[in-house]
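For reference, the chains in residue letters:
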Amino acid sequence: MEQEQPQSPDTPLSVTLFAGLSDIELIRELWNHFPENMFLVRVESEDDFIMEAVNPAQKATLGAACEGRRLHDFLPRDTADAIWARYHECVVSDMPMRYQESATYFDPEGVECFGHWLTLLVPIHHHSHRVTHLFGISQDLTELQLAREALERQNQRLEARVAERTAELRAANDELQSLNARLEELATRDFLTSAYNRRHLESLAESELRRVDRSGAPLCMLMIDLDEFKQVNDALGHAAGDAVLRRVADTLRAELRDSDLLGRYGGDEFVIVLPDTRLEEALATAERLRHAVQASTQTTISLGVAQYQPGDIHLGELTQRADHQLLDAKRDGRNRIGIESM
Ligand SMILES: Nc1nc2c(ncn2[C@@H]2O[C@H](COP(=O)(O)OP(=O)(O)OP(=O)(O)O)[C@@H](O)[C@H]2O)c(=O)[nH]1
């Protein structure tokens, strides 16, 4: 009779365990006490599978009634189709497979439930070259999956909220920008004609003069006043007078270059600054404007033309000279141009 050898304290537990148990006992222990679902599928053919045995953990999920039956006999159709495809693939490839699946199933009471599993499927060849069985272990990840999905939904809600807030901020920003533009417009433009107001025109003109001081380029100013405009107001009313002023401004603007500056100095008086323009060119421009205004409004204008000179220190000096020429034009009978001697 063989004496059992005492194990030394250094002997690994696995050795002790395996020495003390037969293979079948060891497998039975695992089968009965392993906390995840285990199952053994008999492979009748590549297309036909029978659930041969399930461990107690799997029985708690599906009930014992699945043993000895085909997938479509104890699972909802969609679930059975999906699992059948996995089994088929494992048998055909003859390779272990690992996959995740979300599926509905019937619990031991027949209630339809939903679960999510990570499954390891291993082909087994029992005294044969072909796959006779599939051995599977399914880890239940339902809780994890539900938590993941809840997190995902929460993230989507947060992203939607962020997108909503971003759109609100963008709209508020756009509104602010258009209000700023409107404010800028109000601060720099004459509300009736949209020409620059006097203050802004003077500030732009001063900058032009400083540029001219540096470059030595010529620059001229036109001072314009409508003739007998009081009569227009008196005969047609103030609103009609406003319309004439608007049309005059539009006509002047249409005749000018982008770089020219048009301002309304108040009442029926306009000022135009013509950068890079000599006196004779300014005279030609003045003539063109006089004709254009008369053609579009049946109102005549008088103009005074002056050229910026090296001795001019301030805009006021140039303005005064242009104004002086304008007064001469008025005095000489209106609808004409007063110009400094060239
Ligand atoms: N409709 C309208 N009229 C204005 C406006 N501002 C000033 N006026 C009028 O424009 C007229 C300006 O008249 P004046 O420049 O003094 O004289 P005028 O009748 O044009 O005659 P001359 O300049 O000497 O040719 C006045 O009747 C003002 O009431 C305005 O914004 N709209």
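All residue numbers here refer to positions counted from 1 along the written sequence of the relevant chain. For this predicted model, a pLDDT threshold of at least 70 governs which residues receive local features, and a threshold of 80 or more governs which side-chain atom pairs are given and counted, while totals over whole chains, interfaces and linings are taken from all residues. No hydrogens and no water enter the side-chain calculation; it runs on all heavy atoms of the structure.

With an unreviewed UniProt entry as reference, the chain is termed diguanylate cyclase, source organism Billgrantia endophytica. UniProt positions are given in the numbering used here, feature names are shortened, and annotations may be inferred rather than shown by experiment. What the UniProt record of the chain gives under Cofactor (unreviewed entry) is the line "Mg(2+)".

Draft legend 1. Molecular detail of the sheet that holds strand S3 (residues 97-106). In spatial order, the strands read S2-S1-S5-S4-S3; together these five strands make up an open sheet with antiparallel pairing. For this open sheet the edge positions go to strand S2 (48-54) and S3, each flanked by a neighbour on one side alone. Between one strand and the next, the sheet's axes are offset by a mean angle of 35°, whatever the strand orientation. Summarising the sheet, strand S4 (residues 112-124) and strand S5 (residues 133-140) pair through eight bridges and their orientation is antiparallel. Paired with proline 123 across the strands is leucine 134, a residue of S5. In this description, contact between two residues means that some pair of their heavy atoms is separated by no more than 4.5 Å. Under this scheme, a helix contributes an axis fitted over its contacting stretch, all axes are lines through C-alpha atoms, and angles between N-to-C directions fall in the 0 to 180 degree range. In DSSP terms, a helix is any run of H or I states spanning at least four residues, a strand is any run of E spanning at least two, and both are numbered starting from the N terminus. Running over the sheet, helix H6 (residues 142-188) touches S3, S4 and S5 and is turned about 125° from S4. Here the rule is simple: two strands pair whenever DSSP picks up at least two bridges between them.

Draft legend 2. Just helix H11 (residues 315-331), in detail. To estimate how far a helix should reach, multiply one less than its number of residues by 1.5 Å. Taking 1.5 Å per residue as the helical rise, H11 with its 17 residues ought to reach 24 Å, and the 24 Å between its terminal C-alpha atoms agrees with that figure. For H11, the set of buried residues is Leu315, Leu318, Thr319, Ala322, Gln325, Leu326, Ala329 and Lys330. Mapping the buried residues of H11 onto a view down its axis gives an arc of 145°, with all of them on the same face. For H11, exposure combined with an orientation more than 90 degrees from the buried face picks out Gln320 and Arg331. Next to the buried residues of H11 lie helix H7 (198-215), strand S6 (219-226), strand S7 (261-266), strand S8 (269-275), strand S9 (301-307) and strand S10 (337-339). Phi turns positive, to about 120°, at glycine 333, one or two residues after H11. Only protein chains enter the accessibility calculation, which uses a 1.4 Å probe. A residue is then buried if its area is under 20% of the maximum for its type, exposed if over 50%, and partly exposed in between. The reported arc concerns the directions from the helix axis to the C-beta atoms and nothing else.

Draft legend 3. Up close: the confidence of the model for the chain. Per-residue pLDDT for the chain has a mean of 92; in total, 95% of the residues score no lower than 70. Confidence estimates for the predicted assembly give a pTM of 0.62 and an ipTM of 0.96. Note: pLDDT gives the predictor's confidence per residue, expressed from 0 to 100.

Draft legend 4. Representation of the nonpolar core. Leu222, Ile224, Leu226, Leu252, Phe270 and Ile272 are the most contacted members of the largest nonpolar core, which totals 27 residues. Looking at this core, the elements with two or more residues in it are S6, helix H8 (229-236), helix H9 (238-255), S8, helix H10 (279-297) and S9. Beyond its immediate sequence surroundings of up to four residues, leucine 226 is in contact with Val244, Leu245, Val248, Asp268, Phe270, Thr299, Thr300, Ile301 and Lys330. Nonpolar core, defined: a set of buried Ala, Val, Leu, Ile, Met, Phe, Trp, Tyr and Cys residues in which side-chain atoms within 4.5 Å join the residues together.

Draft legend 5. Up close: the pattern of salt bridges. Salt bridges, as used here, are contacts in which a Lys or Arg side-chain nitrogen is within 4 Å of a carboxyl oxygen on Asp or Glu. Summed over the entire model, instances satisfying the criterion amount to 23 salt bridges. Close ionic contact of arginine 42 with glutamate 52 constitutes a salt bridge, the shortest N to O distance being 2.8 Å. Highlighted residues: arginine 42 in strand S1 (residues 37-45) and glutamate 52 in strand S2, separated in sequence by 10 residues. Classification of arginine 42 as partly exposed rests on a relative accessible area of 29%.

Draft legend 6. Representation of the site of the ligand in the model. By convention in this text, a residue qualifies as near a molecule or strand provided that one of its non-hydrogen atoms is within 4 Å of it. Around the ligand there are 17 residues in total, and Glu228, Lys230, Asp242, Arg264 and Lys330 lie nearest to it. For the ligand, an oxygen atom lies 2.9 Å from a polar atom in the backbone of phenylalanine 229. A total of 650 Å² of accessible area belongs to the ligand in isolation, and the protein chains cover 67% of it. If you list the elements that add at least two residues to the shell around the ligand, you get S6, H8 and H9. With four residues, H9 is the single largest residue contributor to the shell around the ligand. Only Asp, Glu, Lys and Arg are considered charged, only Ala, Val, Leu, Ile, Met, Phe, Trp, Tyr, Cys and Pro nonpolar, and every remaining residue, Gly among them, polar. Class assignment of the residues belonging to the shell around the ligand gives a composition of four nonpolar, four polar and nine charged. Any N or O atom pair separated by 3.5 Å or less is treated as a polar contact, with the protein-specific requirement of one donor-capable and one acceptor-capable atom, and with residues adjacent in sequence counted only for side-chain atom pairs. All accessible areas in this document rest on Shrake-Rupley with a 1.4 Å probe, and a residue is counted as covered only by the protein chains that are shown.

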